[in-house]
Amino acid sequence: MIIDSHQHFWKYEPIKHEWIDDAMSVIRKDFMPSDLQKVYAENGIDGCIAVQADQTLEETDFLLDLADKNDFIKGIVGWVDLRAENIEEVLETYSKYPKLKGFRHVVQGEPDHNFLLRPDFLRGIAALEKYDFTYDILVFPHQLGAVLELVKRFPNQKFVIDHIAKPYIKAGFYDGWAALMFEIGKCDNVYCKLSGIVTEADYTTWTSEQITPYMKLVLVAFGWKRIMFGSDWPVCLVAGNYNKIKKIVTEFIADFSSTEQASIMGENAKIFYNIKN
């Protein structure tokens, strides 16, 4: 089973989705399950994990509704305010939904480099394990120091780094990101998504040769059992069609064993997000 471990749905609203700037105008429209089903049929994808794109409980409920109506959505990563005083009560409520696998906060947008380590946020992270919820880490490279401290503090919590922590590929920066990712990869509770990579390069001039060193580092740091394919559809469309994005990963792992390829393209996502079918 091939699982796309990272994609989004939305009904486009200019204010809500103001992060979609003029350079990304191609995705200023609705993207719903019926659109993605056609793409998956063309590209041999069996299922997906739908990830929040808005920081509201309404977003979580929106994704739950879509997952309930579409079997190919195998799980969702929603949003809750992990800093809320009633976080235990909120998590208890959401624990009743089998397709809700975990949560994410758009930490990359927080001005505080150490947002992940603030006491109120740590209290929320500490509550996730009780309900077997995962946590998706969305950060920029300058926030990886805080990520390293976070994942070490909660060795039994399942974490996954989205978009290989968004290295500054367009600018050619590598070493600082690589050093911290290598350290984070030593923590067995942390996975990493091979997703959202091309959008950190130049949308129109990126090449596989430019991106390969970053994927190689992730492979060395995390190993083939803890990395997973993700498209970041529809955001990826600003830099290429789905087939082109998928090929970045499939060509990178073309010489791997069939077991390793199957793990990266689906089995690891099933294990991490506890997908049963």
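Residues numbered from 1 in each chain as written. Predicted model: local features only at pLDDT ≥ 70, side-chain atom pairs only at ≥ 80, totals over all residues. Heavy atoms only, no water.

(A) Summary view of the pattern of salt bridges. Tallied over the entire structure, the rule returns 13 salt bridges. The residue Asp 65 makes a salt bridge to Lys 69 at a minimum N-O spacing of 3.0 Å. Of the two residues, Asp 65 and Lys 69 are both situated in helix 2 (residues 57-69); the distance of four residues between them amounts to about one turn of the helix. According to the relative accessible area criterion, Asp 65 is partly exposed, its value standing at 34%. Residue Lys 69 is classed as exposed on the basis of its relative accessible area of 60%. A salt bridge links Lys 96 to Glu 92; its shortest N-O distance comes to 3.8 Å. It is possible to trace a salt-bridge network through shared partners that takes in Arg 104, Asp 136, Asp 162 and Lys 193. (Salt bridge = Lys/Arg side-chain N within 4 Å of Asp/Glu carboxyl O. Helix = DSSP H or I, 4+ residues; strand = E, 2+ residues; numbered from the N terminus. Buried < 20%, exposed > 50% of the residue type's maximum accessible area, 1.4 Å probe, protein only.)

(B) Broad picture of the environment of Asn 114. As for its placement among the helices and strands, Asn 114 is situated in the loop between strand 4 (100-105) and helix 4 (119-128). Measuring from C-alpha to C-alpha, the distance between Asn 114 and Thr 250 comes to 35 Å, with 136 residues separating the pair along the chain.

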